[in-house]
Each structure stands twice: as C-alpha cells, then as structure tokens.
Amino acid sequence: MTNDRMTLIELVEKGADSDLVRDMLALAAERMMEMEIEARTGAPHGARGGDRQVQRNGYRGRTWDTRVGQIDLDIPRLRKGSYFPSFLEPRRTAEKALTAVIQEAYVQGISTRSVDNLIKAMGASGISKSAVSRLIEEIDERVNAFLTRPIEGEWPYVWIDATYVKAREGGRILSTATIIAVGVNTDGRREVLGVATGLSEAETFWKSFLRSLTDRGLRGVKLVISDDHKGLRAAASKVFHATLQRCRIHWMRNAMAHVTAKQRPAVAAMIKTIFAQESAKEAQMQWNSVAEALAERAPKLAELMVDAREDVLAYTSFPREHWPQISSTNPIERLNGEIKRRSDVVGIFPNDAAVVRLVGALMLEQNDEWAVCRRYMSLESLAPISDNPIIKLPGVAA
C-alpha cells in the first residue's frame, strides 16, 4: 500500500490528470477501509456466520481533503465500538493548531522558555509572520465553520464545563475561562455544540454564550449538566427554560471539605448510598435520611445537603438508563484533559483568538470521531423525553 501511495503522490507532482488521480485515490481509500473493517469484524462484507466478531451498521459520509481536491468517502460503521480510517489522520488539524499558536507567540515576540524551546525543537526559528498568518487563516476557516454551523434537531441533554488557561490581554497575563458545550440529540448522537472564552462567569457571560447556541438552532433542551458555575443557573433557566443538574462528583468533593479527614471514609460511604437508589423517590428519601444522620456530627454538611438536594438529584427525574451519564460532567472531563494537556505545552496563549483556535480544532476532531461511533444513547430510551420521538420501525419479514 505504501508503494501505491508513493506512485499516486508522484502522479500528482508530475501534473497527471487530477480527475484520474482522484478516482484512483478514492478506489484505494475504499479498498483500505474494506481491509481494515474486515480485520475488525473478522469477516468479509456480506459473509454470513463464520468467525464474525461484530456486525456492520451501514455507512457514514465524510469528505476527505487531498492534494487533488475533495473525495467523498463512505466510512463503514459498527454496531459495537467505532471505526476511523487510519489514513484520515484524525489529529492532524489539532496538531496544526498547536503549531500555529506556538509560532504566533514567537513572531509576536512573546518569549517564554517553553515557547523558545518548542520553536528550537520544531526548527522554526526563521519563520515569518506571513507564513504564520497563512497557517492561522487555514485553521481559522475550518474551526470557525465548525463553531458557527447550524444546530439541527432536539438536544434534550447539554453538558457545559469550564477549564482555565492563561492568555495575554492588554499586556497582562490573565486566567481565562474556556467553555465547552456538548449535547446529545434525540437520535442518540453526541456533538460538540460550542466553544467560548471569557474572563468572567457572571450571568451576562453565560446568557450570551447560551443565546449564541440558540441563535444557531439549539432547541429542545431539558437538562443542563454542569458544575456550580456562577450565573449559569439563571442563564439556563431564562434561555433554555431547562433544569440544571449540578455535577454530583464535584458536589461530593466540596461536601468532604466540611468533615474531618477521619470522618471522610464513613461519610462518603453514606452519601454513596443515595446514588445507588433505583428511583427518584427512594433517592430523595435516602438523601433526607443521610442529612438527618449527619446533623449532629457534621452540621455544616447537613445544612449543605438540605440546600443542594434538588440540584444534585435533578437527574433522577429523567430515564433511569441515562443516570450514569447525566448525573455528572464526567462525559466531558476527557475533553478538558485534552485541552489542559495542549495548553500546558503552550504555557501562555498570545490572545483569546489563539485559545479558541486550538480548543476549536481539538473539538472539531473529537466531533469527527464521535460521528463514526455508535449511538451514545438508544432511541428507545430517549423517546419519553423527546417532543418528536424517533420511532425505530420493526424489520419487514421476507
């Protein structure tokens, strides 16, 4: 396959007919996907029985940008697990964005030890401002198209979280909140809905961000899952008319600060019994029992529990199948980890636009990976909370 790829590249460089080369590339890509998916499933396409490990589940369309233009691909999907073609290089855009941020800092004269060392390692000490501008323009075009795309359908669940990075603003280095919003639609698919940055978490900031999502078409939101960010509750209520679920894991960490180190194992075990209940009524009753039991030993925690019950147990009003996903912000913690890992490489971003560029590129690639994964939630489990449920029709007997 490597020799075939080299031959195709040589044809491009020699100015061969671009339509012919594009057709050859499309054929090679199709064959490579078939070989990879056959290795994953354990059986050729259309074969019955045998040693098949997993079933196919149709195709998902995707465009592939090549040196001879765009190629339309039909990427096979699996019923269990996910498949992403090896030749698409899913992390390429994010690596370009990281490179662009580092180089932008360099050409603007922002000299930190980490930036200087990275520039030397990249061998880019002679890079010009025009070269960096071209790279930034290329990335921004893709990222901005992704972050401003229309949002279609109903999205009953939206997770929102913030992580903090350092960026320069007016000659100062400030801690900037980087917000990401992820949603699940009534088709059971996950998508990154938006990215924003801000110096404040006041209600006006949250309202502006949420309205930008509704302006793009976000609707049908029933539950917003987040940590206890200032202003988000009021903004979510006004913009979405939705319930806010406070992340139970973050809340539990905060709760442990109100008891001594010796008390923590026993208190944590008591609180966990609340989340092990099978119904909303049982969870509320257990919450009250635990708060009452702690009233004498940990009065501050007991008071905190009385105030937080509705926020932390909001998820119990939704289908039981969804509780593990909607009770916390864990579904997007890995995304925050990716942002932190890349931002630690940069150290200090040259400006807010650079933050959005890198984070937006990461989220774009994550979205591409989710697009070829199995559904995050089943159609049947989502039907009770959808205004227009998608009904899965039974198969027709032959």
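All figures in this text were calculated on a predicted structure; none of them were measured in a lab. Within each chain, residues carry numbers counting from 1 in the order of the written sequence. Only residues with pLDDT of at least 70 are given local features in this predicted model, and only at 80 or more are side-chain atom pairs given and counted; all residues enter the totals for whole chains, interfaces and linings. Excluding hydrogens and water, the side-chain values take into account all heavy atoms of the structure.

Student: Explanation requested: the overall build of the protein chain in the structure shown.
Tutor: On a plain count of helices and strands, the protein chain comes out with 15 helices and eight strands. Each residue's exposure class comes from its accessible area (1.4 Å probe, protein chains only) as a fraction of the maximum for that residue type: buried when under 20%, exposed when over 50%, partly exposed otherwise. Taken across its 398 residues, the protein chain has 45% of its residues classed as buried. Here, two residues are considered to be in contact whenever any of their heavy atoms come within 4.5 Å of each other. In the protein chain, once contacts between residues fewer than 6 apart in sequence are set aside, the share between residues at least 24 apart is 65%. Surface accessibility of the protein chain: about 20600 Å² in total, with carbon and sulfur atoms responsible for 50%. We count a stretch as a helix when DSSP gives it H or I for four or more residues in a row; a strand needs E for two or more, and each element gets its number in order from the N terminus. Computed with the Shrake-Rupley method and a 1.4 Å probe, the accessible areas treat only the protein chains shown as cover for residues.

Student: Would you mind showing me how to read the pattern of salt bridges here?
Tutor: When the charged atoms of two side chains with opposite charge come close together, those side chains can pair. Should a side-chain nitrogen of Lys or Arg be within 4 Å of a carboxyl oxygen of Asp or Glu, the pair is scored as a salt bridge. Per the stated rule, a full pass over the model turns up 13 salt bridges. The partner of Asp368 in a salt bridge is Arg62, and the shortest N-O contact between them spans 2.9 Å. Here Arg62 lies in strand β1 (residues 56-66) and Asp368 lies in helix α14 (residues 352-371), a separation of 306 residues in the sequence. Take Arg62: its relative accessible area is 23%, and that puts it in the partly exposed class. Linking Arg320 and Glu278 is a salt bridge whose minimum nitrogen-to-oxygen distance equals 3.4 Å.

Student: In this structure, what is going on with the confidence of the model for the protein chain? I would like to understand it.
Tutor: Keep in mind that low pLDDT regions are not for reading the predicted coordinates in detail. Averaged over every residue, the pLDDT of the protein chain is 81; residues scoring 70 or more account for 78%. Low pLDDT (under 50) marks residues 4-9, which in the prediction has four contacts with non-local residues, meaning those over four places away or in another chain. Below a pLDDT of 50 lies the segment residues 393-398, which in the model reaches zero contacts outside its immediate sequence neighbourhood of four places, other chains included. Known as pLDDT, the predictor's per-residue confidence is scaled from 0 to 100.

Student: How should the environment of Ala242 be read in this particular structure?
Tutor: Tracing the chain through its elements places Ala242 in the loop between α7 (232-239) and β7 (243-246). Overall, the relative accessible area of 14% leaves Ala242 in the buried class. Taking the C-alpha atoms as reference points, Ala242 and Pro156, separated by 86 residues in sequence, lie 9.2 Å from one another. In this structure, Ala242 is in contact with Val221, Lys222, Leu223, Val224, Ala236 and Ser237, ignoring residues within four places of it in sequence.

Student: Any chance you could explain the side chain of Glu154 here in plain terms?
Tutor: Position of Glu154 among the secondary structure elements: in the loop between α5 (129-147) and β3 (157-169). The charge count includes Lys and Arg as positive and Asp and Glu as negative, but it does not include His or the ends of the chains. No salt bridge is formed by the buried Glu154, whose closest oppositely charged neighbour, Lys222, lies at an N-O distance of 4.4 Å. Once residues lying within four places of it in the same chain are set aside, the contact partners of Glu154 are Val184, Asn185, Thr186, Arg219, Gly220, Lys222, Ser386, Asp387 and Asn388.

Student: I would appreciate a short explanation of helix α11 (residues 299-312) in the present structure.
Tutor: An α-helix turns once per 3.6 residues; consequently, residues spaced three or four apart project the same way. Look at α11: 19 Å from first C-alpha to last across 14 residues, which is about the 20 Å you get at 1.5 Å a residue. Every buried residue belonging to α11 is among Leu301, Ala302, Met305, Ala308, Asp311 and Val312, and all of these are buried. Given the number of residues in a helix, its expected span is that number minus one, multiplied by 1.5 Å.

Student: Please explain the nonpolar core as it appears in this structure.
Tutor: A general feature of soluble globular proteins is that nonpolar side chains tend to end up buried together. Side-chain atoms within 4.5 Å link the members of a nonpolar core, which is a set of buried Ala, Val, Leu, Ile, Met, Phe, Trp, Tyr and Cys residues. Judged by nonpolar contacts, the single largest core of 58 residues is most densely connected at Tyr157 and Met363. With nine residues, α14 is the single largest residue contributor to this core. If sequence neighbours within four positions are ignored, Met363 has contacts with Phe146, Ile180, Val192, Val195, Leu335 and Ile339. If you look at the next biggest cluster of nonpolar residues, it comprises 25 residues, including Trp155, Ala181, Leu193 and Phe240.

Student: Help me understand the packing of aromatic side chains in this model?
Tutor: Pairs of aromatic rings are described using the distance from one ring centre to the other and the angle between the two planes. Here the aromatic set is Phe, Tyr and Trp, taking the six-membered ring for Trp, and pairing holds for ring centres within 6.5 Å; pairs whose planes are under 30 degrees apart are stacked, those over 60 apart are edge-to-face, and all others are tilted. Inspection of every chain in the model, using the stated rule, returns six aromatic pairs. Seen from their ring centres, Tyr157 and Phe318 are 5.8 Å apart, and the 70° between their planes marks the pair as edge-to-face. One end of the pair, Tyr157, is in strand β3; the other, Phe318, is in the loop between α11 and α12 (323-326), and 161 residues separate them in sequence. Residue classification places Phe318 among the buried positions, given a relative accessible area of 13%. Pairwise contacts between aromatic rings join Tyr157, Trp159, Phe318 and Tyr376 into one cluster.

Student: Would you take a moment to explain the packing of helix α8 (residues 248-256) against helix α9 (residues 264-275) for this structure?
Tutor: The packing of two helices is summarised by the inter-axis angle and the distance between the axes. To get an axis, fit a line to the C-alpha atoms, keeping to the stretch in contact for a helix; angles then go from 0 to 180 degrees between the N-to-C directions. The interhelical angle for the contact between α8 and α9, taken along N-to-C directions, is 150°, at an axis separation of 11 Å. Between α8 and α9, the angle falls in the class roughly antiparallel. Classified by chirality, the crossing of α9 by α8 is right-handed. Facing Arg248, Trp251, Met252 and Met256 of α8, the residues of α9 in contact are Arg264, Val267, Ala268, Ile271, Lys272 and Phe275. Along the lines of polarity and charge, the residues of the contact of α8 with α9 split into seven nonpolar, no polar and three charged. For this classification, under 35 degrees means roughly parallel, over 145 means roughly antiparallel, 65 to 115 means roughly perpendicular, and everything else is oblique. Less than a right angle of anticlockwise turn of the near helix away from the far helix marks a crossing as left-handed, whereas a clockwise turn marks it as right-handed. Gly is put with the polar residues, along with every residue not named as nonpolar or charged; the nonpolar set is Ala, Val, Leu, Ile, Met, Phe, Trp, Tyr, Cys and Pro, and the charged set is Asp, Glu, Lys and Arg.

Student: Looking at this model, I keep getting lost on the pairing of β3. Mind explaining?
Tutor: Where a strand is regular, its side chains alternate between the two sheet faces. In this structure, β3 lies alongside strand β4 (residues 172-184), joined through 13 bridges in antiparallel fashion. Paired with Tyr157 across the two strands is Val184, which belongs to β4. Counted along the chain from β3 to the antiparallel partner β4, the turn is two residues long, and its residue Gly170 has a positive phi close to 60°. In the sheet, β3 pairs with strand β6 (residues 223-226) via three bridges, with the strands oriented parallel. Paired with Trp159 across the strands is Ile225, a residue of β6. At least two DSSP bridges between two strands are needed for those strands to be called paired.

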